[in-house]
Amino acid sequence: MRKLHVTAELNGEAVEFLCEPRQTLLEVLRDVLDHTGTKEGCATGDCGACSVLLDDRVVCSCLVLAPEVEGRKLQTVEGLADGDHLHPLQRKFLEHAALQCGICTPGFLVAAKALLDRNPDPSEAEVRYHLAGNLCRCTGYDKIVRAVLDAAAEMRG
Amino acid sequence: MRELRYTAPASLAEAVSLLSDAGQDPRILAGGTDLLIQLRAGVRDAGHLVDVKRIPELNVLEASPEDGLRVGAAVPCASLVEHAAAGELYPGLVEAAALIGSTQIQSRATLAGNLCNGSPAADTTPALLALDATCVTAGPGGSRTRHVSELLVGPGRTSLEPREILVEIRVAAPAKGAADAYQRLIPRGEMDIAVVGVGAVLQIADGRVASARIALGAVGPTALLAEEAAASLVGKAPDEAALERAGALATSAARPISDKRGSAEYRRDVVSVLTRRVLASAIERARRRA
Ligand code: FES
Ligand code: FES
């Protein structure tokens with residue numbers, strides 16, 4: 001099968017890869033670019049585990065074809081921390097014990113970052129609505145919501 | 001699995017010509033939130049995906065009280081929801097767009113895709129139908145404009161020709177004292193498909209209803225207009241009794257089926273309640289504008 005050549009920006013760095021037209025961004029991130037932080041839960045756009053930022057908007061990478069990202073900017077959970085310094089969201093998730101098995105966590109972190117980038121002071125209801133597309137089978141959500149609100153407060157300073 | 005071709009034309013002319021090669025079984029890819037799932041599930045097939053998101057004409061987003069609204073077919077719902085002027089002028093359409101799927105889905109899903117996918121339960125379609133929106137298309141024969149109502153044919157189908165591309169959706173500037181609203185019933189707060197959806201546009205002048213349009217979703221093979229219900233309001237004061245009557249009349253326009261989301265009988269009941277609520281919301285907005 002003829003492969004397509006794609007160049008994009010991933011977490012601030014230029015990347016290029018070959019893909020089949022049918023391959024999703026999620027498959028390429030994990031299997032070609034070795035960025036396995038992004039998880040697959042459902043592969044149908046329902047769970048949010050595969051959330052990444054595409055040109056600063058949060059999307060399900062299982063619903064994006066890899067060739068669609070030609071020339072676009074991508075951010076994944078791997079781009080959140082600054083070296084050994086965790087992003088405030090990551091730190092607050094640990095402090096609030098907002099994860100158990102952790103499979104949903106990268107998606108929540110990326111989706112929460114998209115929210116705080118746009119709205120540094122969200123209400124609890126706004127956080128809950130914004131994260132409605134991220135499913136967690138372990139935590140019961142409350143700790144996640146608290147972690148996001150706490151991170152937002154810290155980031156506002 | 002057969003070979004799939006992917007192209008992302010940068011111009012409308014190129015897209016039309018790519019779609020003209022019927023042998024390739026081409027399909028338009030916009031947000032992909034329905035199409036990619038349908039392809040994977042084998043519900044729809046394609047040999048060639050023509051990604052229209054890089055075509056400038058399909059990325060137009062403008063809203064003004066003079067010229068109304070233009071939404072390019074590749075504009076994601078998130079951009080519409082964030083557009084301040086669009087939200088002010090067409091709060092009903094924007095609340096419908098904000099109800100589609102999750103934040104992630106709204107980053108990709110488009111009004112045009114919601115319309116062309118042809119789901120009877122699409123949220124933005126009743127909102128557009130109530131607003132009497134028009135669709136500008138491009139095809140081998142040139143540009144055409146038709147009303148949303150003319151596009152709706154049946155579940156999963158529209159009147160678009162195989163080589164015709166929806167370019168943009170247009171809505172006229174709101175008439176003086178007019179406002180729109182959309183609400184749906186789902187069994188929970190978020191992330192579900194409408195059991196019933198109702199969109200309405202109401203114009204108030206001198207304390208009476210000057211004009212009205214009511215559109216129902218998820219209670220027929222396509223979104224449909226409740227014309228009798230709308231006509232019953234015209235010339236009347238928009239009071240409780242008028243709304244009650246309109247709700248009851250809307251019920252008789254509905255042609256629901258029973259499925260896992262609700263029985264036909266339940267849906268008819270919901271049509272009446274939701275119609276009243278949506279009208280009340282549109283009236284309140286129209287009064288603020290009048
Ligand atoms: S894996 Fe993409 S939404 Fe579940
Ligand atoms: S921590 Fe296990 S699914 Fe969320």
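Below, the discussion takes up the overall build of chain A. For chain A, the helix and strand inventory stands at 5 helices and 5 strands. Reading chain A from its N end, one meets helices and strands in the order β-β-α-β-β-β-α-α-α-α. Taking 157 residues into account, the globule formula puts the C-alpha radius of gyration at 15 Å, and chain A, at 15 Å, falls close to it. A buried classification covers 50% of the 157 residues belonging to chain A. Excluding contacts between residues fewer than 6 apart, the proportion of contacts in chain A whose partners are at least 24 apart in sequence is 56%. Looking at chain A as shown, the accessible area adds up to about 7,200 Å², and 48% of this sits on carbon and sulfur atoms. The average position of the 17 basic charges and that of the 24 acidic charges among the side chains of chain A differ by 4 Å.

With that out of the way, let us pick up the overall build of chain B. When its secondary structure is counted, chain B shows 12 helices and 14 strands. Relative to the globule expectation of 19 Å for 290 residues, the C-alpha radius of gyration of chain B, 19 Å, shows essentially globular dimensions. The principal-axis extents of the C-alpha atoms in chain B amount to approximately 60 × 45 × 35 Å. Within chain B, the proportion of its 290 residues that are buried is 56%. Within chain B, contacts between residues separated by at least 24 positions form 59% of all contacts whose residues are at least 6 apart in sequence. Summing over all exposed atoms, chain B offers an accessible surface of approximately 11,800 Å²; the carbon and sulfur share of this is 51%. Charge separation in chain B, taken as the distance between the mean sites of 32 positive and 33 negative side-chain charges, equals 3 Å.

Quick look at the domain arrangement of chain B now. Residue and element names in this part refer to chain B. Segmentation of chain B into domains returns domain 1 (5-51), domain 2 (56-171) and domain 3 (178-289). Relative placement of domain 1 and domain 2: their C-alpha centres are 18 Å apart. On the domain 2 side, the residues contacting the 13 residues of domain 1 number 17 residues. Both sides of the domain 1 and domain 2 interface together cover about 1,200 Å² of buried area, and 61% of this is carbon and sulfur. Per-residue buried area on domain 1 facing domain 2 is highest for Leu12, Val16 and Thr33; these three make up 38% of the total on that side. The tally of links from domain 1 across to domain 2 stands at 0 salt bridges. The interface formed by domain 1 and domain 2 contains 3 residue pairs in polar contact (both at pLDDT 80 or more). At 5 residues, the largest contribution of residues to the side of domain 1 that touches domain 2 is made by helix α1 (residues 12-20).

Moving on: the side chain of Arg146 of chain B. Residues and elements named next belong to chain B. Along the chain, Arg146 turns up in strand β7 (residues 142-147). Overall, the relative accessible area of 5% leaves Arg146 in the buried class. In this structure the side chain of Arg146 is engaged in a polar contact, spanning 3.1 Å, whose partner is the backbone oxygen of Ser159. Polar side-chain contacts of Arg146 include one of 2.7 Å to the side chain of Glu164. Not counting chain neighbours up to four residues away, the residues in contact with Arg146 comprise Thr134, Cys135, Thr137, Leu151, Ser159, Leu160 and Glu164.

Taken residue by residue, the interface counts 33 residues in chain A and 30 residues in chain B. Carbon and sulfur atoms make up 55% of the area that chain A and chain B hide from each other, which totals about 2,500 Å². Linking chain A with chain B are 4 salt bridges, by the criterion used here. The shortest N-O distance in the salt bridge between Lys53 of chain B and Glu68 of chain A comes to 2.5 Å.

Turning next to the packing of helix α2 (residues 88-95) of chain A against helix α5 (residues 142-156) of chain A. All names here are of chain A. Between α2 and α5, the shortest axis-to-axis distance is 8 Å and the interhelical angle comes to 135°. Taken as axis vectors, α2 and α5 run oblique relative to one another. Helix-helix and strand crossings are classified by hand; for α2 and α5 the assignment is right-handed. Facing Pro88, Leu89, Arg91, Lys92 and Phe93 of α2, the residues of α5 in contact are Ile144, Ala147, Val148, Asp150, Ala151, Glu154 and Met155. When the residues that make up the contact of α2 with α5 are grouped by side-chain class, the tally is 8 nonpolar, no polar and 4 charged.

Reading the values: rules and limits
Per chain, residues are indexed from 1 in the order of the written sequence. Here the convention is simple: chains get letters from A, ligands get numbers from 1, in the order in which they are written. In keeping with the predicted nature of the model, local features appear solely for residues at pLDDT of at least 70, side-chain atom pairs appear and are counted solely at 80 or more, and the whole-chain, interface and lining totals rest on all residues. Note that the side-chain values use all heavy atoms of the structure and ignore hydrogens as well as water. To qualify as a helix, a DSSP run of H or I must reach at least 4 residues; to qualify as a strand, a run of E must reach at least 2; elements of each kind are numbered from the N terminus. Here the radius of gyration uses the C-alpha set of atoms, whereas the globule reference equals 2.2 Å times the residue count to the power 0.38. Only protein chains enter the accessibility calculation, which uses a 1.4 Å probe; a residue is then buried when its area is under 20% of its type maximum, exposed when over 50%, and partly exposed in between. In this description, contact between two residues means that some pair of their heavy atoms is separated by no more than 4.5 Å. Accessible surface area values rest on a Shrake-Rupley calculation with a 1.4 Å probe, where residue burial reflects the displayed protein chains alone. For the purpose of charge, His is not counted, nor are the chain termini; Lys and Arg are scored as positive and Asp and Glu as negative. For charged residues, the charge sits on one atom: NZ in Lys, CZ in Arg, CG in Asp, CD in Glu. All domain edges in this entry derive from an automatic or database-based domain assignment. Using a 1.4 Å probe, buried area is obtained as the accessible area two parts lose upon being combined, added over both of them. Salt bridges, as used here, are contacts in which a Lys or Arg side-chain nitrogen is within 4 Å of a carboxyl oxygen on Asp or Glu. Two N or O atoms count as a polar contact when they lie within 3.5 Å, although within protein this holds only if one can serve as hydrogen donor and the other as acceptor, and sequence-adjacent residues are included solely when both atoms are side-chain atoms. To get an axis, fit a line to the C-alpha atoms, keeping to the stretch in contact for a helix; angles then go from 0 to 180 degrees between the N-to-C directions. Orientation is classified from the angle alone, with under 35 degrees giving roughly parallel, over 145 giving roughly antiparallel, 65 to 115 giving roughly perpendicular, and any other angle giving oblique. For any helix crossing, the convention is left-handed if the near helix is rotated counterclockwise from the far helix by under a right angle, and right-handed if that rotation is clockwise. We call Asp, Glu, Lys and Arg charged. Ala, Val, Leu, Ile, Met, Phe, Trp, Tyr, Cys and Pro are nonpolar, and the rest, Gly among them, are polar.

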